[in-house]
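Structural overview
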Amino acid sequence: SIHVTMLSAIKIGLSRAVESWIEIGDHLEKLLGGEDTFLDPEAHDKFCFYDHNDLSQSKKCFWIINSVNKFDKSIQDTLYQWEWFYETHIKFLKYRMQSFPAKEYQSLDDLRGDIELLHQRLKAQSERFLSIQKEARELRDGVSSPPMCPKSLIANKLSSSSVQAISSMQRSLYKKPRIPHV
């Protein structure tokens, strides 16, 4: 029937989209250095503080952050399209499906279930992209836990003590002179 054909086309398209987004997510994780980088402090420091090949780490992070914004917008649009289609067509069709022949009813129900699973996988991929984006922001901004990036910790301590020293000097320069009462 036309309904089976329509849901089959949606399933095929959504399946390809999900697989493509997964591949893109894998590539983005490789650009960030993967989880292994965070388990090795030296590799993490090298990743944080040195440029790699033609594209600096900060440029990679900016590219990832901006790209994920665009990717997630596309994913959200796809999710919305299925939700809209389900609400306006499939939900209504579910009531009529019971009058369909058993084989067609089963095919439609199976396709709906398959598409719903793909919908959930796409939602999970959206969350994965946002997690990758967060990691890229943290790397770009130099935010990391002390054991992961010792050089970053030292730099933070130095800058903190420098700020305290400068503040102390400023206070002494701008101190009001005490005039003794006679």
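Up top is the structure these notes are about.
Below, the structure is looked at part by part. (Residues numbered from 1 in each chain as written. Predicted model: local features only at pLDDT ≥ 70, side-chain atom pairs only at ≥ 80, totals over all residues. Heavy atoms only, no water.)

1. Examining the side chain of H119
Mapped onto the elements of the fold, H119 is located in helix 5 (residues 102–141). With relative accessibility at 4%, the residue H119 sits in the buried group. Separated by 3.0 Å, the side chains of H119 and E83 make a polar contact. Excluding its chain neighbours within four sequence positions, the residues that come into contact with H119 are L14, L79, W82 and E83. (Helix = DSSP H or I, 4+ residues; strand = E, 2+ residues; numbered from the N terminus. Buried < 20%, exposed > 50% of the residue type's maximum accessible area, 1.4 Å probe, protein only. Polar contact = N/O pair within 3.5 Å; in protein donor to acceptor, adjacent residues only side chain to side chain. Contact = heavy atoms within 4.5 Å.)

2. Things to note about the packing of aromatic side chains
Under the criterion given, the structure shown has five aromatic pairs. Judged by centre distance (5.4 Å) and plane angle (55°), the ring pair of W21 and F71 falls under tilted. One end of the pair, W21, is in helix 1 (residues 2–32); the other, F71, is in helix 4 (residues 57–97), and 50 residues separate them in sequence. Under the relative-accessibility criterion, W21 is labelled buried at 12%. Residue class for F71 comes out buried when judged on its relative accessible area of 18%. Pairwise contacts between aromatic rings join W21, F71 and F129 into one cluster. (Phe/Tyr/Trp six-rings, centres within 6.5 Å; stacked < 30°, edge-to-face > 60°.)

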